[in-house]
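# Geometric and topological summary
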Amino acid sequence: MDPITFSIIRHRLFRVVEEAVITLKHVSGSAITNEGHDLMVSLYRADGSLLMGGVGFLHHLTSAAEACKAVIRRFEGQINEGDIFLLNDPYTAALHTSDIYLIAPIHHAGKLVAWSACFVHVFDIGAMNPGGFAPDAMDIFSEGFSSPGLKLVDRGEVRQDVWDTLLNMVRGPEMVALDLRSMIACNNVARERMLALIDKYGVDTVDVACKTLIEQSETRLRERLRELPNGSWQSRQYLDVKGEVYKVVLTMTKQDDELVFDFTGSSPQSKYSLNCSKWASLGGLFAPLFPLLCYDITWNEGVIRPIRMIAPEGTIVNAARPAPISVATVGAIQSVNNAACSTIGKMLAASDKYADEATAVWHANHFAIFMFGNNQKGGLSIGILTETFAGAGGARTFGDGVDIGGEIPNPISRMANVETIEATFPIRYLFRRRLKDSGGPGEYRGGTGAELAIVAHDAPDGGIDYVLSGKGSGFPMSDGLAGGYPGGVNDYVWVHAPTDGHNADRFANSIEAIPGDKEPVSWGVFPLRGQDALYVRWNGGGGIGDPLSRPAESVLQDVINGVVSAEAAASVYGVVVESGRIDEGRTKAARLAQRNARLATEAAE
Amino acid sequence: MKQRISPTLVHDGGKICCAACNHALAPAGQPWKRHAALSAVPVADLPGAGSGVNRAVLVRRFACPKCAALLDSEIALPEDPFLDDIVAA
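Residues numbered from 1 in each chain as written. Chains lettered and ligands numbered in written order. Predicted model: local features only at pLDDT ≥ 70, side-chain atom pairs only at ≥ 80, totals over all residues.

### Points about the overall build of chain B
Test applied: We count a stretch as a helix when DSSP gives it H or I for four or more residues in a row; a strand needs E for two or more, and each element gets its number in order from the N terminus. Neighbour density around each residue's C-beta defines its exposure: 20 or more other C-beta atoms within 10 Å make it buried, 12 or fewer make it exposed, and counts between make it partly exposed, where C-beta atoms are placed from the backbone. Residue pairs qualify as contacts under a 7 Å threshold applied to their C-beta atoms, which are placed from the backbone.
Within chain B one finds 0 helices and 8 strands. Along the chain direction, N to C, the helices and strands of chain B fall in the order β-β-β-β-β-β-β-β. The principal-axis extent of the C-alpha atoms belonging to chain B is close to 50 × 25 × 15 Å. Here chain B, with 89 residues, has 46% of them falling under the buried criterion. Considering only contacts in chain B between residues 6 or more positions apart, those separated by 24 or more positions represent 35%.

The following block contains the structure:
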């Protein structure tokens, strides 16, 4: 194939996905899709293998491939032009029940030539808690409906019996219907654009280009791996739920042009819903691998071939049905993301050529608060606080992480503005801003997370309730690199207002200024009513390098900018700031003292 | 000839060495952390720690015993082993 035609087809395939994403957002009415970009669209080959991975949450790229393959197996001989299939069973392929895949075959001249697939986190899935995250679920049967595959659209016609059944099982069926229609529209656009591409260049030419594209990706990733040093790198993530601690343990081994991710040593599966399935773990390790190792390589089946995963059955990273699994995306999957990001970052940092591509772990813990209740407009609101997607950049080997700078597994994640959220829910923000001392200290500092506080406002029922799946308030999860410290932790505080009737500071601008008893909360369903407040902070990115090597002027700027406290400047960075200036003499003495203290410690042996 | 292991460590002459002062820590291809100067601080004692932080979890800091350069850090519960990264020489 001539390189010009190949390049045009490759580019057109990417644009097919781009346009389908735009369609998804135009039709969807939910903040989690439009504001948080909790979505994904990709193209697959006729056999279900990944052809062109799109943007959004990247751990879905491989899981949706498995979903395509599951549909191919289940519906052999019954896959027709114009069909669309639904799959959301985590033990078949999906990540959790709320993330519904709609998968559409693409036929040309009566022959199956490709698939498109997409997902959104639907408004509701009929789980025991609104919004889909069910922290108190004992098993998957309490986590909403889950289908290992059903035909939702038959030859272009929605199957009304199936449609009505689905909507009969969820809260806010009109919103779930909109979610489903957005995905139908998305798949329709992907199919039309794919067929236009085939009509222009011919089915055989496009097929050769697709094969070549996958071969090219495999070749280029293997070449890159051969350029990187052989070795093994380890990472460990802690998750905490109600005082119980779980671990995701990873040893990543690189030999020649292959990578093995071995999760042996991870905790047995939990009675809590932070478990994930093996397909989710596979997707979870690819989410950082795609952008960190394949930033200039097309994300497709060719990238998958050099990678192998070992995930022992019955563990938190390969749970067995019917273990509860609804919190997986912000539970075990995210810890797999983090562990893989950490080990890949360390491997890149071991290379002279690729050291600049290394990163500490970015925002490692979604706080994932789903609010639900009657709103100020007489309707039902269910939805996530999209700040959970705002993230925080990990430090790089040449610079600081970006404050509130997004996250590795989703290159387009973002948060809604305050006014959008206040218009959706009967709440009011007291404040939302960068969080001091949340960026992991280092020669290069991790980007900050942030903090917010909300109160009920104009609520017909006096307030609203929220689902909190807050694993990770006990342990830092955004690991540093090469001596850099981890980013700060999440925190969730229920402020119980005093009952004397003079309790509300309507303009409190810090947690300290909010009157009342402060109760840390982390897991379950809680009310936000009356004059009570909810305070939330989210984690920063990890740092890189020795904090004592950070230029004192940079530390001073951090203090002036309010992202590092004077206390941290002195105790962690060894920089003494007085009256907005560096005390040079005391700084020199403090740094020397801290170095001497290191030498005074025993060898670890 | 020196070979990079990380921003803070190199292989040199068959040994893992501090990149700042070239102090030899361990034979190449072997775990090196047990030969470093170790200090640990509870995460709860760091500025900005949240209200729910586990009281036992530590930041382990591994420094060069000769020049005090910070070589690596890791989050750990006291009973958990060191994370060992091995780069082939």
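Now, onward.
### Considering the overall build of chain A
The number of helices and strands found in chain A is 13 helices and 22 strands. With the C-alpha coordinates aligned to their principal axes, the bounding extent of chain A is approximately 80 × 60 × 40 Å. For chain A, with 605 residues in total, the buried portion stands at 59%. Within chain A, residue pairs in contact and separated by at least 24 positions form 74% of the contacts whose partners lie at least 6 positions apart.

### Observations regarding the interface of chain A and chain B
Quick reminder of the rule: Just so you know the grouping, Ala, Val, Leu, Ile, Met, Phe, Trp, Tyr, Cys and Pro go in nonpolar, Asp, Glu, Lys and Arg go in charged, and all remaining residues, Gly too, go in polar. For two strands to count as paired, DSSP must find a minimum of two bridges between them.
Counting residues at the interface gives 53 residues for chain A, matched by 40 residues for chain B. Split by residue class, the side of chain A that touches chain B holds 18 nonpolar, 20 polar and 15 charged. As defined by bridge partners, strand β8 (residues 231-241) of chain A adjoins strand β8 (residues 86-87) of chain B across 2 bridges and the pair is classed as antiparallel. Residue pairing for β8(B): Ser232(A) is matched across the bridge by Ile86(B).

### Side note on the environment of Ser381(A)
Of note, Ser381(A) is situated in strand β13 (residues 380-384). In the structure, Ser381(A) is positioned 210 residues away from Arg171(A) in sequence and 9.9 Å away in space, judged by C-alpha atoms.

### Brief notes about the confidence of the model for chain B
Here is the rule we go by: Residue-level confidence of the predictor, termed pLDDT, takes values from 0 up to 100.
Per-residue pLDDT for chain B averages 96, and the proportion of residues at 70 or more is 100%. Overall fold confidence (pTM) sits at 0.97, and the ipTM for the predicted complex is 0.98.

### Examining the nonpolar core
All names here are of chain A. As a reminder, the rule being used: To count as a nonpolar core, a set of buried Ala, Val, Leu, Ile, Met, Phe, Trp, Tyr and Cys residues must be joined through C-beta atoms within 7 Å. Domain boundaries shown here were taken from an automatic or database domain assignment.
Membership of the largest hydrophobic core comes to 204 residues, with the highest contact counts inside it found for Ala-67, Leu-102 and Ile-103. Counting residues per element, this core draws most heavily on helix α5 (residues 173-201), which supplies 11 residues. Each of domain 1 (3-219) and domain 2 (361-545) accounts for three or more of the residues forming this core. Discounting residues that sit within four places of it in the chain, Ala-67 has contacts with Leu-87, Ala-93, Ala-94, Tyr-101, Ile-103 and Ala-117. Ranked by size, the runner-up nonpolar core spans 14 residues in total, among them Leu-556, Ala-569, Val-572 and Val-577.

### Some words on the sheet that holds strand β7 (residues 70-76) of chain B
All names here are of chain B. The line we're drawing: Axis lines are fitted to C-alpha atoms, over the contacting stretch for helices. Their N-to-C directions set the angle, which ranges from 0 to 180 degrees.
Across the sheet, 3 strands lie side by side as β5-β6-β7; this open sheet has antiparallel pairing. On the outer flanks of this sheet lie β5 (37-42) and β7, each paired with one strand and no other. Each neighbouring strand pair of the sheet contributes to a mean axis angle of 20 degrees, computed without reference to strand direction. Two elements, strand β6 (residues 58-63) and β7, share 6 bridges in a ladder whose sense is antiparallel.

### A closer look at the sheet that holds strand β20 (residues 533-538) of chain A
Residues and elements named next belong to chain A. Judged by pairing direction, the sheet is antiparallel, and its 5 strands sit side by side in the order β14-β15-β20-β17-β18 without closing on themselves. Two strands close off the open sheet at either side, each with one partner strand: β14 (427-434) and β18 (517-520). Each strand of the sheet is rotated relative to its neighbour by a mean of 20 degrees, with strand direction disregarded. Bridge count between β14 and strand β15 (residues 450-456): 7 bridges; the pairing is antiparallel. What sits directly across from Arg-434, in β15, is Ala-450.

### Side note on the packing of helix α7 (residues 278-293) of chain A against helix α9 (residues 332-349) of chain A
Residue and element names in this part refer to chain A. Threshold: Handedness of each helix crossing follows the sense of rotation of the near helix against the far helix: counterclockwise by less than a right angle gives left-handed, clockwise gives right-handed.
Interaxial distance between α7 and α9 falls to 8 Å at its minimum, and their mutual angle equals 35 degrees. Note that α7 runs across α9; the crossing there is right-handed. Each of Ala-280, Ser-281, Gly-284, Leu-285, Ala-287, Pro-288, Leu-289, Leu-292 and Leu-293 in α7 lies in contact with α9, whose residues at this interface are Ile-333, Val-336, Asn-337, Ala-340, Cys-341, Ile-344 and Leu-348.

### Re the domain arrangement of chain A
Residues and elements named next belong to chain A. Looking at chain A, the domain boundaries give domain 1 (3-219), domain 2 (361-545) and domain 3 (548-600). At the junction of the two partners, domain 2 supplies 11 residues and domain 3 supplies 10 residues. The residue makeup of the side of domain 2 that touches domain 3, split by class, is 1 nonpolar, 4 polar and 6 charged.

### Focus: the packing of helix α1 (residues 3-27) of chain A against helix α6 (residues 203-227) of chain A
Residues and elements named next belong to chain A. Basically, it comes down to this: When describing relative orientation, an angle under 35 degrees is termed roughly parallel and one over 145 degrees roughly antiparallel, while 65 to 115 degrees is termed roughly perpendicular and anything else oblique.
Contact geometry of α1 with α6 gives a least axis separation of 10 Å together with a crossing angle of 80 degrees. If you check the angle between α1 and α6, you find them roughly perpendicular. Note on element contacts: α6 touches α1 through Thr-205, Val-206, Ala-209, Thr-212 and Leu-213, opposite Thr-5, Phe-6, Ile-9 and Arg-10. Here the contact of α1 with α6 is composed, by residue class, of 5 nonpolar, 3 polar and 1 charged.

### Observations regarding helix α11 (residues 552-560) of chain A
Residue and element names in this part refer to chain A. As a reminder of what qualifies: Along the arc lie the directions from the helix axis toward the C-beta atoms.
Looking at α11, one finds that the buried residues are Val-555, Leu-556, Asp-558 and Val-559. Along α11, the residues classed as buried sweep out an arc of 160 degrees about the axis, all on the same side. Residues of α11 that are exposed and point more than 90 degrees away from the buried face comprise Glu-553, Gln-557 and Ile-560. Of the surrounding secondary structure, the elements contacted by the buried residues of α11 are α12 (566-571), β21 (577-578) and β22 (581-582). Among the residues trailing α11, Gly-562 stands out with phi positive, at a value near 80 degrees.

### Description of the environment of Asp532(A)
Residues and elements named next belong to chain A. Topologically, Asp-532 is positioned in the loop between β19 (523-529) and β20. Sequence separation between Asp-532 and Ala-456 is 76 residues, and the spatial gap between their C-alpha atoms is 7.7 Å. Excluding its chain neighbours within four sequence positions, the residues that come into contact with Asp-532 are Trp-494, Val-495, His-496 and Ala-497.

### Let's talk about α5(A)
What counts here: Multiplying one less than the number of residues by 1.5 Å gives the expected span of a helix.
Over its 29 residues, α5(A) extends 42 Å from the first C-alpha to the last, a length consistent with the 42 Å expected when each residue adds 1.5 Å. Just past α5(A), the residue Gly202(A) takes up positive phi, approximately 95 degrees.

### A word on unusual backbone geometry
All names here are of chain A. Omega for the peptide link from Arg-321 to Pro-322 comes to 15 degrees, which places this bond in the cis form. Among the secondary structure elements, Pro-322 is positioned in the loop between β11 (307-310) and α9. Its identity as a non-glycine residue notwithstanding, Ala-482 has a phi of 55 degrees, on the positive side. Within the secondary structure, Ala-482 sits in the loop between β16 (463-469) and β17 (491-496). Overall, the presence of 28 C-beta atoms within 10 Å leaves Ala-482 in the buried class.

### Quick notes on the environment of Ala350(A)
Following the sequence through the fold, Ala350(A) ends up in the loop between α9 and β12 (369-374). A sequence separation of 252 residues divides Ala350(A) from Ser98(A), and the C-alpha atoms of the two residues are 39 Å apart. Residues in contact with Ala350(A), not counting those within four places in the same chain, are Pro229(A), Gly231(A), Arg4(B), Ile5(B), Ser6(B) and Val87(B).

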